[in-house]
Amino acid sequence: MKKLGLVVAVAALAACGQQDKGGDVALDSDVQQASYAIGYRTGEQMYGNTDDLDLDAFLAGLRAGAKGETDLPLAAEDMDEAIVAYQQRKMSERESNMREQGNTNASVGEAFRAENAERDGVVTTESGLQYEVLESGDGQSPTLSDSVVAHYHGTLVDGTVFDSSVERGEPATFPLGQVIRGWQEALQLMSVGDKWRIVLPPELAYGEHGAGADIGPQSTLVFEVELLDVQSPD
(Lines give C-alpha, C1' and ligand atoms only; values in the text may rest on other atoms or scores of the structure.)
Protein backbone atom coordinates (compact mmCIF):
# COMPACT_ATOMS: atom_id res chain seq x y z
CA MET A 1 0.00 0.00 0.00
CA LYS A 2 2.83 2.43 0.73
CA LYS A 3 4.37 1.82 -2.68
CA LEU A 4 1.06 2.37 -4.39
CA GLY A 5 0.55 5.63 -2.51
CA LEU A 6 3.90 6.95 -3.66
CA VAL A 7 3.22 5.90 -7.25
CA VAL A 8 -0.02 7.89 -7.19
CA ALA A 9 1.79 10.87 -5.71
CA VAL A 10 4.61 10.92 -8.24
CA ALA A 11 2.17 10.41 -11.09
CA ALA A 12 0.31 13.41 -9.77
CA LEU A 13 3.47 15.46 -9.73
CA ALA A 14 4.20 14.58 -13.32
CA ALA A 15 0.73 15.72 -14.26
CA CYS A 16 1.26 18.98 -12.37
CA GLY A 17 4.56 19.56 -14.06
CA GLN A 18 2.91 19.31 -17.45
CA GLN A 19 -0.08 21.55 -16.72
CA ASP A 20 1.45 24.46 -18.62
CA LYS A 21 2.13 22.26 -21.66
CA GLY A 22 -1.41 21.10 -22.34
CA GLY A 23 -1.27 22.70 -25.79
CA ASP A 24 1.66 20.44 -26.80
CA VAL A 25 -0.34 17.24 -26.27
CA ALA A 26 -2.62 15.73 -28.92
CA LEU A 27 -6.14 15.54 -27.50
CA ASP A 28 -8.05 14.46 -30.58
CA SER A 29 -9.38 11.07 -29.49
CA ASP A 30 -11.57 10.07 -26.56
CA VAL A 31 -8.69 8.06 -25.10
CA GLN A 32 -6.29 11.01 -25.34
CA GLN A 33 -8.76 13.35 -23.69
CA ALA A 34 -9.52 10.86 -20.92
CA SER A 35 -5.80 10.24 -20.39
CA TYR A 36 -5.10 13.94 -20.03
CA ALA A 37 -8.10 14.50 -17.77
CA ILE A 38 -7.14 11.62 -15.44
CA GLY A 39 -3.57 12.89 -15.24
CA TYR A 40 -4.65 16.45 -14.57
CA ARG A 41 -7.25 15.60 -11.94
CA THR A 42 -4.82 13.32 -10.12
CA GLY A 43 -2.15 15.99 -10.21
CA GLU A 44 -4.62 18.59 -9.04
CA GLN A 45 -5.34 16.54 -5.91
CA MET A 46 -1.69 15.84 -5.09
CA TYR A 47 -0.15 19.17 -6.14
CA GLY A 48 2.73 20.24 -3.92
CA ASN A 49 3.14 16.97 -2.00
CA THR A 50 6.19 15.78 -3.95
CA ASP A 51 7.46 19.01 -5.47
CA ASP A 52 11.15 18.12 -5.13
CA LEU A 53 11.14 15.02 -7.33
CA ASP A 54 13.25 14.98 -10.47
CA LEU A 55 10.67 14.94 -13.27
CA ASP A 56 13.10 13.67 -15.90
CA ALA A 57 14.04 10.67 -13.74
CA PHE A 58 10.41 10.08 -12.84
CA LEU A 59 9.26 10.09 -16.47
CA ALA A 60 12.10 7.74 -17.45
CA GLY A 61 11.01 5.30 -14.75
CA LEU A 62 7.35 5.67 -15.71
CA ARG A 63 8.05 4.85 -19.36
CA ALA A 64 10.27 1.91 -18.44
CA GLY A 65 7.62 0.46 -16.16
CA ALA A 66 4.79 1.04 -18.64
CA LYS A 67 6.77 -0.74 -21.36
CA GLY A 68 7.71 -3.65 -19.10
CA GLU A 69 11.43 -3.10 -19.49
CA THR A 70 13.68 -5.34 -17.39
CA ASP A 71 17.15 -3.96 -18.13
CA LEU A 72 17.04 -1.21 -15.51
CA PRO A 73 19.65 1.03 -13.86
CA LEU A 74 18.26 0.18 -10.41
CA ALA A 75 17.53 -3.24 -8.96
CA ALA A 76 14.08 -3.83 -7.48
CA GLU A 77 15.39 -3.81 -3.91
CA ASP A 78 17.25 -0.53 -4.56
CA MET A 79 14.03 1.01 -5.85
CA ASP A 80 12.17 -0.07 -2.71
CA GLU A 81 14.90 1.36 -0.48
CA ALA A 82 14.90 4.64 -2.40
CA ILE A 83 11.13 4.98 -2.07
CA VAL A 84 11.19 4.27 1.67
CA ALA A 85 14.06 6.70 2.25
CA TYR A 86 12.22 9.41 0.31
CA GLN A 87 9.01 8.84 2.23
CA GLN A 88 10.83 8.97 5.57
CA ARG A 89 12.62 12.20 4.63
CA LYS A 90 9.39 13.87 3.53
CA MET A 91 7.66 12.77 6.74
CA SER A 92 10.52 14.14 8.82
CA GLU A 93 10.35 17.46 6.97
CA ARG A 94 6.60 17.70 7.48
CA GLU A 95 6.92 16.97 11.20
CA SER A 96 9.67 19.58 11.55
CA ASN A 97 7.58 22.17 9.73
CA MET A 98 4.56 21.34 11.89
CA ARG A 99 6.60 21.79 15.08
CA GLU A 100 7.99 25.11 13.89
CA GLN A 101 4.58 26.37 12.84
CA GLY A 102 3.06 25.12 16.08
CA ASN A 103 5.64 26.95 18.21
CA THR A 104 4.99 30.18 16.31
CA ASN A 105 1.21 29.81 16.58
CA ALA A 106 1.45 29.01 20.29
CA SER A 107 3.49 32.14 21.01
CA VAL A 108 1.24 34.39 18.93
CA GLY A 109 -1.88 32.90 20.49
CA GLU A 110 -0.59 33.23 24.03
CA ALA A 111 0.16 36.92 23.48
CA PHE A 112 -3.27 37.46 21.93
CA ARG A 113 -5.06 35.79 24.85
CA ALA A 114 -3.05 37.72 27.43
CA GLU A 115 -4.02 41.01 25.80
CA ASN A 116 -7.63 39.91 25.33
CA ALA A 117 -7.93 38.94 28.99
CA GLU A 118 -7.28 42.56 29.97
CA ARG A 119 -10.22 43.88 27.98
CA ASP A 120 -13.31 45.06 29.85
CA GLY A 121 -16.06 42.45 29.93
CA VAL A 122 -13.85 39.46 29.13
CA VAL A 123 -14.16 36.49 31.48
CA THR A 124 -11.50 33.77 31.61
CA THR A 125 -12.58 30.39 32.95
CA GLU A 126 -10.43 27.83 34.75
CA SER A 127 -9.87 25.92 31.48
CA GLY A 128 -8.53 29.00 29.70
CA LEU A 129 -11.70 29.71 27.72
CA GLN A 130 -12.33 33.44 27.32
CA TYR A 131 -15.75 34.85 26.60
CA GLU A 132 -17.39 38.24 26.22
CA VAL A 133 -21.16 38.72 26.26
CA LEU A 134 -22.27 40.73 23.21
CA GLU A 135 -26.03 40.17 23.53
CA SER A 136 -28.03 38.50 26.32
CA GLY A 137 -30.95 36.12 26.01
CA ASP A 138 -33.10 34.36 28.58
CA GLY A 139 -33.81 31.01 26.94
CA GLN A 140 -32.78 27.44 27.69
CA SER A 141 -29.16 26.42 28.23
CA PRO A 142 -28.05 23.19 26.50
CA THR A 143 -26.42 20.10 27.96
CA LEU A 144 -23.99 17.78 26.22
CA SER A 145 -26.85 15.44 25.30
CA ASP A 146 -28.64 18.20 23.35
CA SER A 147 -28.26 19.45 19.81
CA VAL A 148 -27.94 23.18 19.30
CA VAL A 149 -28.76 25.57 16.48
CA ALA A 150 -26.23 28.38 16.25
CA HIS A 151 -24.84 31.05 14.01
CA TYR A 152 -21.08 31.46 14.24
CA HIS A 153 -18.16 33.26 12.62
CA GLY A 154 -14.73 31.73 13.23
CA THR A 155 -11.36 33.41 12.66
CA LEU A 156 -7.72 33.04 13.51
CA VAL A 157 -6.15 35.69 15.73
CA ASP A 158 -5.04 37.61 12.62
CA GLY A 159 -8.65 37.85 11.42
CA THR A 160 -8.45 35.11 8.78
CA VAL A 161 -11.91 33.54 8.43
CA PHE A 162 -11.79 29.73 8.42
CA ASP A 163 -15.51 28.96 8.81
CA SER A 164 -18.68 31.02 9.08
CA SER A 165 -22.31 30.04 9.07
CA VAL A 166 -23.02 33.79 9.00
CA GLU A 167 -21.30 34.13 5.62
CA ARG A 168 -23.15 31.07 4.32
CA GLY A 169 -26.42 32.62 5.48
CA GLU A 170 -27.64 29.49 7.24
CA PRO A 171 -27.24 28.52 10.92
CA ALA A 172 -25.65 25.20 11.85
CA THR A 173 -27.26 22.38 13.82
CA PHE A 174 -25.02 19.90 15.62
CA PRO A 175 -24.89 17.59 18.66
CA LEU A 176 -23.09 19.56 21.37
CA GLY A 177 -21.30 16.47 22.64
CA GLN A 178 -19.52 16.00 19.32
CA VAL A 179 -17.80 19.38 18.90
CA ILE A 180 -14.50 20.74 20.22
CA ARG A 181 -14.10 21.17 23.98
CA GLY A 182 -14.20 24.95 23.91
CA TRP A 183 -17.57 24.93 22.20
CA GLN A 184 -18.90 22.36 24.64
CA GLU A 185 -17.91 24.50 27.59
CA ALA A 186 -19.04 27.84 26.16
CA LEU A 187 -22.40 26.71 24.78
CA GLN A 188 -23.40 25.11 28.10
CA LEU A 189 -22.83 28.48 29.76
CA MET A 190 -24.98 30.27 27.20
CA SER A 191 -28.77 30.68 26.97
CA VAL A 192 -30.86 30.81 23.82
CA GLY A 193 -30.67 34.37 22.60
CA ASP A 194 -27.10 34.91 23.83
CA LYS A 195 -24.41 36.10 21.46
CA TRP A 196 -20.85 35.74 22.74
CA ARG A 197 -17.35 36.31 21.49
CA ILE A 198 -15.24 33.38 22.62
CA VAL A 199 -11.50 32.81 22.39
CA LEU A 200 -10.24 29.23 22.55
CA PRO A 201 -6.66 28.23 23.40
CA PRO A 202 -5.40 25.35 21.24
CA GLU A 203 -6.04 22.73 23.92
CA LEU A 204 -9.75 23.57 23.75
CA ALA A 205 -9.75 23.61 19.95
CA TYR A 206 -7.65 21.51 17.55
CA GLY A 207 -4.40 21.31 19.49
CA GLU A 208 -1.08 20.28 18.02
CA HIS A 209 -2.58 18.84 14.84
CA GLY A 210 -4.73 21.74 13.66
CA ALA A 211 -7.57 21.15 11.23
CA GLY A 212 -7.79 21.44 7.47
CA ALA A 213 -5.78 23.89 5.42
CA ASP A 214 -6.53 27.01 7.46
CA ILE A 215 -6.18 26.02 11.12
CA GLY A 216 -2.54 25.29 11.82
CA PRO A 217 -1.10 23.41 14.81
CA GLN A 218 -1.46 25.12 18.21
CA SER A 219 -3.82 27.77 16.82
CA THR A 220 -5.89 30.03 19.06
CA LEU A 221 -9.39 30.43 17.62
CA VAL A 222 -11.86 33.30 17.90
CA PHE A 223 -15.61 32.84 17.42
CA GLU A 224 -18.66 34.99 17.55
CA VAL A 225 -21.45 32.56 18.47
CA GLU A 226 -25.19 33.19 18.67
CA LEU A 227 -27.25 30.43 20.29
CA LEU A 228 -30.57 30.24 18.45
CA ASP A 229 -32.20 27.05 19.73
CA VAL A 230 -31.71 23.94 21.84
CA GLN A 231 -33.05 20.60 20.64
CA SER A 232 -33.30 18.04 23.43
CA PRO A 233 -33.42 14.31 22.61
CA ASP A 234 -36.85 12.68 22.75
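So, how was this worked out
- Residues numbered from 1 in each chain as written.
- Predicted model: local features only at pLDDT ≥ 70, side-chain atom pairs only at ≥ 80, totals over all residues.
- Heavy atoms only, no water.
- Buried < 20%, exposed > 50% of the residue type's maximum accessible area, 1.4 Å probe, protein only.
- Helix = DSSP H or I, 4+ residues; strand = E, 2+ residues; numbered from the N terminus.
- Contact = heavy atoms within 4.5 Å.
- Phe/Tyr/Trp six-rings, centres within 6.5 Å; stacked < 30°, edge-to-face > 60°.
- Core = buried A, V, L, I, M, F, W, Y, C linked by side-chain atoms within 4.5 Å.
- Salt bridge = Lys/Arg side-chain N within 4 Å of Asp/Glu carboxyl O.
- Polar contact = N/O pair within 3.5 Å; in protein donor to acceptor, adjacent residues only side chain to side chain.

Looking only at helix H6 (residues 181–189), the buried set comprises Gly-182, Trp-183, Gln-184, Ala-186 and Leu-187. Check the buried side of H6 and you find it contacts strand E3 (147–156), strand E5 (172–175), strand E6 (195–200) and strand E7 (221–231).

Moving on to the packing of aromatic side chains. Under the criterion given, the structure shown has six aromatic pairs. Pairing Tyr-152 with Trp-183 gives two aromatic rings, centres 5.4 Å apart and planes at 85°, and the pair type is edge-to-face. You can see Tyr-152 sitting in strand E3 and its partner Trp-183 sitting in helix H6, a full 31 residues away along the chain. When its relative accessible area of 9% is taken as the criterion, Tyr-152 is described as buried. Given a relative accessible area of 5%, Trp-183 falls into the buried group. Note on Phe-162 and Phe-223: the rings are 5.6 Å apart at their centroids and 90° apart in plane angle, and the pair reads as edge-to-face. Here Phe-223 lies in strand E7 and Phe-162 lies in strand E4 (residues 161–164), a separation of 61 residues in the sequence.

By size, the foremost hydrophobic cluster in this structure holds 27 residues, and its most contacted members are Trp-183, Ile-198, Leu-200, Phe-223 and Val-225. The dominant element in this core, judged by the number of residues it contributes, is E7, at five residues.

On to the pattern of salt bridges, then. According to the stated counting rule, one finds seven salt bridges in the structure shown. Where Arg-168 meets Asp-163, a salt bridge forms, and the shortest distance between an N and an O atom there is 2.6 Å. The shortest N-O distance in the salt bridge between Glu-224 and Lys-195 comes to 4.0 Å. Placement of the pair is Glu-224 in strand E7 and Lys-195 in strand E6, with a sequence separation of 29 residues. For Glu-224, a relative accessible area of 33% puts it in the partly exposed group.

All right, on to the environment of Gly-159 then. Mapping Gly-159 onto the fold places it in the loop between E3 and E4. Each C-alpha atom of the pair Gly-159 and Val-222 lies 8.5 Å from the other, and the pair is 63 residues apart in sequence.

The next subject is the side chain of Thr-220. Tracing the chain through its elements places Thr-220 in the loop between E6 and E7. Its relative accessible area of 4% is what places Thr-220 among the buried residues. Within the local environment of Thr-220, its side chain forms a polar contact with the side chain of Arg-113, the two groups lying 2.7 Å apart.

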